[in-house]
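Given next are the chains, with one letter for each unit.
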Amino acid sequence: MATISLCMIVRNEEDVLERCLESVQGLVDEIIIVDTGSKDRTKEIAKKFTDAVYDFVWVDDFAEARNFSFSHAACDYCMWLDADDIIVPLDRKKFLALKENLNDNVDVVMLRYYTGFDNQGRVTFSYYRERIVRNRLGMVWKGAVHEVIETKGNVHYSDCGITHQKLRSSDPDRNLRIFEKLLEEGKELDPRQQFYYARELYYHKRYQQALEVFRKFLDEGRGWLENNIEACRQCAYCWYGLHQEDKALKALFSSFAYDLPRAETCCDIGQHFLDRKLWEQAAYWYARALECERRDDRGGFVMPDAYGFLPCIQLCVCYSRLGREKEAQLYNERAAEFQPNSPAVAYNRAYFASLESTVTG
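Note that this is a predicted model, so its numbers are computed, not measured.

**Student:** Would you take a moment to explain the packing of helix 7 (residues 207–220) against helix 8 (residues 225–241) for this structure?
**Tutor:** Between two packed helices, both the angle of their axes relative to each other and the distance between the axes serve to describe the pair. Contact geometry of helix 7 with helix 8 gives a least axis separation of 9 Å together with a crossing angle of 155°. As far as their axial angle goes, helix 8 and helix 7 are roughly antiparallel. You can see that helix 7 and helix 8 cross each other, and the crossing is left-handed. Every residue of helix 8 that contacts helix 7 at Tyr207, Ala210, Leu211, Phe214, Arg215, Phe217 and Leu218 is listed here: Asn227, Asn228, Ala231, Cys232, Gln234, Cys235, Cys238, Trp239 and Gly241. The residue inventory of the contact of helix 7 with helix 8, partitioned by class, reads 11 nonpolar, 4 polar and 1 charged.

As C-alpha cells, this is what we get:
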C-alpha cells in the first residue's frame, strides 16, 4: 500500500489543530507540522501526534512555507491540510479505499473541498483541490498567497472530501496585505494571483480597483477557463456594488463567451430579473439553470443548490407571481426533493393550502 506524509503549516491553531489531527489518525503514515510563529499551545498539541515539528520564520509567503513542509516528507505521497480542516467519518472510509488503490499510475489526487454550509450542515460551496501529490516528482507550491501546486503526470479525481470547519475568523486583511506588499516590491502578479487579488479588492469593497484588475486579468487572456468565468461573475458583483446594474448584467452574459453557461451564472441572471419583478425573464433563466450539467471535475467553484433547489424554489416564486399556481406548486415540490426540510418549502406549502381552502370555502 502507498504511504502518505501529511504536511501542514500552522500558527496559533490551538483551538482546531487537535480536532484536525484526530480526524486523520490511521489514514496517514507520517505527520509533519511546520509552525510559522505560534504564541499559544499549537506546538504542544502537535507534539502529541508527531515528533516531526519544525519552526519556520514567516516571510509572507505561503508557498515557501508549504514547500518547506514538503521537503521533510519521507513517504510516497505528500498531502496537505489546513488546521481547520477535518476528514469526517464517511470520507475516512472513502480515503482508506482511495489509499488502498493508489499505485504508480497516479501522480496527483484531486479531492473535493467543502467550504460552505447552510444551517443544517448541507454543503453549499465546494470545489476540487490538488490534495495528494507524488513525492520527489518535482511538484512544488507557487504563489505567496492563494498558493497552488503546479501538478504534472496522471491525475485522479476522487469523491472523497475534506471538510473546512472554521471556529473563528482569520485576519480579513492578511491576503490583501500580502498582495499589495508584492506590488510595492515591484513584483508582477501571475494570472492566478491577479484573479485572487481582484477578489480581495472586491471583498474589501474597493469595487473600482477590483474591476480594473479583473479587466486586466481577462484582457490578457492567460487565465484558467474557470477563473475567467468566475471573474465575469465577480465583475458583476462589483458593478452591483457601484449601483450600475446594467453593466452587472452585461458582465454576467460575458461569461458565456468562455464556455457553456454554468448554473451559478444562470441563477445570478435569474436573481437580477427577480429583483426587478420581471417574473417571466427570471423564470426563463432559472429554468436554464436546471438544464446545466453539474461538472465538479472541471475544478471550478460549485454551488450545489444552483443545480437543483435554488432554481426550483425561485421558479415557484416566479410562477406564483405570474398567477400560474399549479406550476408554482409543482416547482415547490421539486425543490422539496433537494431539501425536504426547507423552511421555504414548508412556507409555500402552507400558502398553497390556504389558497385551496379559500377556493373550497
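**Student:** How should I be thinking about the environment of Tyr284 in this particular structure?
**Tutor:** One can find Tyr284 in helix 11 (residues 279–291). Separated by 280 residues in sequence, Tyr284 and Ile4 have C-alpha atoms that sit 49 Å apart.

**Student:** Is there a simple way to think about the sheet that holds strand 2 (residues 30–35) in this case?
**Tutor:** Strands pair in a sheet through their backbones, by hydrogen bonds, and they do so in one of two ways: parallel or antiparallel. Across the sheet, which stays open at both edges, the 8 strands sit in the order 3-2-1-4-7-6-10-5 with mixed pairing between neighbours. What marks the edges here is a single partner per strand, and that holds for strand 3 (53–55) and strand 5 (85–86). Examined bridge by bridge, strand 1 (residues 4–10) and strand 4 (residues 77–80) share 4 bridges and lie parallel to one another. Bridge pairing links Ile4 to Tyr77 in strand 4. Strands in contact with helix 3 (residues 62–70) are strand 1, strand 2, strand 3, strand 4 and strand 7 (123–134); relative to strand 1, the strand with the most contacts, it is inclined by about 145°. Lying over the sheet, helix 4 (residues 89–101) contacts strand 1, strand 4, strand 6 (108–117), strand 7 and strand 10 (155–164), oriented at roughly 150° with respect to strand 10.

**Student:** Help me understand the pattern of salt bridges, please; the structure alone is not making it clear to me.
**Tutor:** Should their charged atoms come close, side chains of opposite charge can pair. Applying the stated rule across the entire model yields 32 salt bridges. Of the charged contacts in the structure, one is a salt bridge between Asp296 and Arg294, with a shortest N-O distance of 2.7 Å. Judged by relative accessible area, Arg294 falls into the partly exposed class, the value being 38%. Through salt bridges with shared partners, one network takes in Glu13, Asp15 and Arg168.

**Student:** Help me out: how do you make sense of the packing of aromatic side chains in this one?
**Tutor:** Remark: the centre distance and the inter-plane angle together describe each pair of aromatic rings, the angle taken between the planes. Counted by the stated rule, this structure contains 24 aromatic pairs. Pairing Phe56 with Phe68 gives two aromatic rings, centres 5.3 Å apart and planes at 40°, and the pair type is tilted. In this pair, Phe56 sits in the loop between strand 3 and helix 3 while Phe68 sits in helix 3, placing the two residues 12 residues apart along the sequence. You can call Phe56 buried: its relative accessible area is 13%. Residue class for Phe68 comes out partly exposed when judged on its relative accessible area of 25%. Between Phe195 and Tyr196, the aromatic rings sit 5.0 Å apart at their centres with planes inclined by 80°, giving edge-to-face as the arrangement. This pair shows no difference in class: Phe195 is buried, exactly as Tyr196 is. Among the aromatic residues, those joined into a ring-pair cluster are Phe70, Trp80, Tyr113, Phe125, Tyr127, Trp141 and Phe301. Positioned above the aromatic ring of Trp80 is the side chain of Arg131, whose terminal nitrogen or guanidinium carbon lies 3.7 Å from the ring centre. Over the aromatic face of Trp279 sits the side chain of Arg321, whose NZ or CZ is 5.8 Å from the ring centroid.

**Student:** Looking at this model, I keep getting lost on the packing of helix 10 (residues 263–275) against helix 12 (residues 309–321). Mind explaining?
**Tutor:** Taken N-terminus to C-terminus, the directions of helix 10 and helix 12 make an angle of 20°; their axes are 11 Å apart at the nearest point. With respect to their mutual orientation, helix 10 and helix 12 come out roughly parallel. The interaxial crossing formed by helix 10 with helix 12 has left-handed handedness. Together, Cys267, Gln271 and Leu274 of helix 10 and Leu310, Pro311, Gln314, Val317 and Cys318 of helix 12 make up the contact between the two elements. Here the contact of helix 10 with helix 12 is composed, by residue class, of 6 nonpolar, 2 polar and no charged.

What counts as what
- Residues numbered from 1 in each chain as written.
- Predicted model: local features only at pLDDT ≥ 70, side-chain atom pairs only at ≥ 80, totals over all residues.
- Heavy atoms only, no water.
- Axes fitted to C-alpha atoms, helices over the stretch in contact; angles between N-to-C directions.
- Helix = DSSP H or I, 4+ residues; strand = E, 2+ residues; numbered from the N terminus.
- Parallel < 35°, antiparallel > 145°, perpendicular 65-115°, else oblique.
- Left-handed = near helix turned anticlockwise from the far one by under 90°.
- Contact = heavy atoms within 4.5 Å.
- Nonpolar A, V, L, I, M, F, W, Y, C, P; charged D, E, K, R; others polar.
- Pairing = 2+ DSSP bridges.
- Salt bridge = Lys/Arg side-chain N within 4 Å of Asp/Glu carboxyl O.
- Buried < 20%, exposed > 50% of the residue type's maximum accessible area, 1.4 Å probe, protein only.
- Phe/Tyr/Trp six-rings, centres within 6.5 Å; stacked < 30°, edge-to-face > 60°.
- Lys NZ or Arg CZ within 6 Å of the ring centre and 35° of its normal.

Geometric values such as these leave the question of function open.
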